[in-house]
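An overview of the molecular structure
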Amino acid sequence: MKGNGEAHLSYRLLLAVDIQGYSKRDTREQLLAQRRLSDALDRAARGVGLDRAGWDKQVGGDGELATLPEGVDPAPVAGDFVILLDEALREVNRDAGRFRLRVRLALHHGTLTAGPFGPAGDAPIVVQRLLDATPLRRLLIDDAGRDLAYVVSDSLFDDVVRTGFCALPPRDFHAVKIVAKGTTFRGHILTGRTPREGAEGERGGPGAASAPHARVLDFPALAVR
């Protein structure tokens, strides 16, 4: 999604990720955390047939806001991608040293348009507000054994997670309401655990032992509510 001087709306899947406790690291440790997170995201994306090189990314020192290509099936991203990212973080943290790599992840789909400083519209605001939500931060603070805190927007939960096509079951999510800058945002935080790598049949339905490749959908159809 590149701005060409002619503004138009598109309906896209957005992903925001942030490293917990990034400012407490020194410069060398911050650089190491960035590289490890980028590698973990690459690995998870490849696992569902996606290439992060094709994502439009607005990058900060401790994370990024990514707009995924048009037509990406949201179900593998909302489920298997998250499971694979958690597995990658768990592997990184076996030899983490002084700092474990612990991250927050938010997912939403909605309308936006390209701008000179990144995507503009409600969708980028929603996903960032969910990423910064106190309940999501508290999940990592209160659960020392968790490496990934994950939240989806209310609309994505209804349109994707509830369908049964997502590898993470709806019962493992907890609804939250966030008020930020006078606006209410609703989402669902994954409070259950992601399946362990190689667990037979735990991803999705029967026989779903490996991550599916992302498919192309008529994405605007999901916007009809």
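What you are looking at is a predicted structure, and each value in this text was computed from that prediction instead of being measured.

Here the focus is the packing of helix α1 (residues 27–47) against helix α2 (residues 74–92). Orientation of α1 relative to α2, taken along the N-to-C sense of each, is 140 degrees, at an axis distance of 8 Å. As summarised for this structure, α1 and α2 are arranged oblique, according to the angle between their axes. Between α1 and α2 lies a crossing whose hand is right-handed. Along its contact with α1, which presents Arg36, Ala40, Leu41, Arg43, Ala44, Ala45 and Gly47, the element α2 presents Phe81, Leu84, Leu85, Glu87, Ala88, Leu89, Glu91 and Val92. Among the residues forming the contact of α1 with α2, the class breakdown is 10 nonpolar, 1 polar and 4 charged.

With 10 of its 10 residues buried, strand β1 (residues 10–19) lies for the most part within the structure. Going residue by residue along β1, you find Ser10, Arg12, Leu14, Ala16 and Asp18 tucked away on one face and Tyr11, Leu13, Leu15, Val17 and Ile19 tucked away on the opposite face as well. Relative to strand β4 (residues 103–112), β1 runs antiparallel, the two being bridged by 10 bridges. The residue bridging Ile19 from the neighbouring strand is Val103, located in β4. As paired elements, β1 and strand β3 (residues 63–67) share 5 bridges and run antiparallel to each other. Counterpart to Leu15 in the pairing with β3 is Ala66.

Here we take up the confidence of the model for the chain. On average, residues of the chain score 85 in pLDDT, and 84% of them reach the 70 mark or higher. The least confident element of the chain is strand β2 (residues 56–60), whose mean pLDDT is 91; the most confident is strand β5 (residues 148–153), at 98. Residue range residues 198–225 is modelled with pLDDT below 50. Its contacts to residues more than four positions away, or to other chains, number 53 contacts.

The next point concerns α1. The first and last C-alpha atoms of α1 sit 30 Å apart over 21 residues, in line with the 30 Å expected at 1.5 Å per residue. Here α1 has its buried residues at Glu29, Gln30, Ala33, Leu37, Ala40, Leu41, Ala44 and Ala45. The buried residues of α1 occupy one face: seen down the axis, they fall within an arc of 135 degrees. Seen from the buried face of α1, the exposed residues on the opposite side, beyond 90 degrees, are Thr27, Arg28, Arg35, Asp39 and Arg46. Contacts from the buried residues of α1 go to β1, β3, α2 and β4. Backbone nitrogen of Arg28 and a side-chain oxygen of the N-cap are separated by 3.2 Å at the start of α1; the cap is Asp26. Note on α1: the residue one or two positions beyond its end, Gly49, has a positive phi of about 80 degrees.

Where charged atoms of side chains with opposite charge meet at close range, the side chains can pair. Enumeration over the complete set of coordinates arrives at 12 salt bridges. As a salt-bridge pair, Arg193 and Asp143 come within 2.9 Å of each other at their nearest N and O atoms. Highlighted residues: Arg193 in the segment after β7 (183–190) and Asp143 in the loop between α4 (134–142) and β5, separated in sequence by 50 residues. On the basis of relative accessibility, which here comes to 47%, the residue Arg193 falls in the partly exposed class.

The rules behind each value
- Residues numbered from 1 in each chain as written.
- Predicted model: local features only at pLDDT ≥ 70, side-chain atom pairs only at ≥ 80, totals over all residues.
- Heavy atoms only, no water.
- Axes fitted to C-alpha atoms, helices over the stretch in contact; angles between N-to-C directions.
- Helix = DSSP H or I, 4+ residues; strand = E, 2+ residues; numbered from the N terminus.
- Parallel < 35°, antiparallel > 145°, perpendicular 65-115°, else oblique.
- Left-handed = near helix turned anticlockwise from the far one by under 90°.
- Contact = heavy atoms within 4.5 Å.
- Nonpolar A, V, L, I, M, F, W, Y, C, P; charged D, E, K, R; others polar.
- Buried < 20%, exposed > 50% of the residue type's maximum accessible area, 1.4 Å probe, protein only.
- Pairing = 2+ DSSP bridges.
- pLDDT = per-residue confidence, 0-100.
- Expected span 1.5 Å × (residues − 1).
- Arc of directions from axis to C-beta.
- Polar contact = N/O pair within 3.5 Å; in protein donor to acceptor, adjacent residues only side chain to side chain.
- Salt bridge = Lys/Arg side-chain N within 4 Å of Asp/Glu carboxyl O.

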